[in-house]
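Listed below are the residues making up each chain.
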Amino acid sequence: MLLERFVRRALNRLDAEEIEALERLLDQPDQDILEWITSPEAVPPTGLGGIVVLIRTHALGRY
């Protein structure tokens, strides 16, 4: 649900690099994505940190 809400509300504000990162994120296992988004201590793979921060920020209502 976090990703669905994020995509629905923020997709039109993402630049090409962020969209590419989102696509790569969606190729990852669901459990890993959930951990990266919900746990600030979890470190996503290189190149996905920025989109994870955007999703976290959106989930907290700050985007």
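The written sequence of each chain sets the order in which its residues are numbered from 1. This being a predicted model, a pLDDT of at least 70 is required before a residue's local features are given, and a value of 80 or more before pairs of side-chain atoms are given or counted; all residues contribute to the totals for chains, interfaces and linings. Values reported for side chains reflect all heavy atoms of the structure, with hydrogen atoms and water molecules removed beforehand.

### Things to note about the overall build of the protein
We count a stretch as a helix when DSSP gives it H or I for four or more residues in a row; a strand needs E for two or more, and each element gets its number in order from the N terminus. For the protein, the count of helices and strands is four helices and zero strands. Sequence-ordered secondary structure for the protein, helices as α and strands as β, is α-α-α-α. With the radius of gyration taken over C-alpha atoms, the globule rule is written as 2.2 Å times the number of residues to the power 0.38. Taken against the 2.2 N^0.38 rule, which gives 11 Å for 63 residues, the C-alpha radius of gyration of the protein at 11 Å falls within 12% of a compact globule. Dimensions of the protein along its principal axes, counting C-alpha atoms only, are 25 × 25 × 15 Å.

### Points about the nonpolar core
By size, the foremost hydrophobic cluster in this structure holds 16 residues, and its most contacted members are F6, L22, L25, W36, I51 and I55. Elements represented by at least two residues in this core include exactly helix 1 (2-10), helix 2 (16-26), helix 3 (30-38) and helix 4 (49-59). Filtering out sequence-adjacent residues up to four positions away, L25 remains in contact with L3, I33, W36, L48, I51, V52 and I55. Put simply, buried Ala, Val, Leu, Ile, Met, Phe, Trp, Tyr and Cys residues joined by side-chain atoms within 4.5 Å make one nonpolar core. Accessibility here uses a 1.4 Å probe with only protein chains present; expressed as a share of the type maximum, an area under 20% marks a residue as buried, one over 50% as exposed, and anything in between as partly exposed. Whether two residues are in contact is decided by their heavy atoms, any of which lying within 4.5 Å being enough.

### Considering the confidence of the model for the protein
The predictor attaches a confidence to each residue, and that confidence, scored 0 to 100, is pLDDT. Confidence in the prediction for the protein averages 91 pLDDT; 97% of positions are at 70 or higher. Across the protein, the element-wise mean pLDDT spans from 89 in helix 1 up to 96 in helix 2.

### Topic: the side chain of R56
Mapped onto the elements of the fold, R56 is located in helix 4. Excluding anything up to four places from it in sequence, R56 contacts W36, I37, S39, P40 and A42.

### Focus on the pattern of salt bridges
Take a side-chain nitrogen of Lys or Arg and a carboxyl oxygen of Asp or Glu: if they are within 4 Å of each other, that pair is a salt bridge. A full pass over the atoms with the stated rule returns two salt bridges. With a shortest N-O distance of 3.8 Å, R8 and E4 are connected by a salt bridge. Here the residue R8 and the residue E4 both occupy positions in helix 1, the gap between them amounting to four residues, near one helical turn. By the burial criterion, R8 is exposed, and E4 matches it. Salt-bridge contacts for R24 lead to E20; the nearest nitrogen and oxygen are separated by 3.4 Å. On the criterion of helical spacing, the pair formed by R24 and E20 is a turn pair, its members being four residues apart in helix 2.

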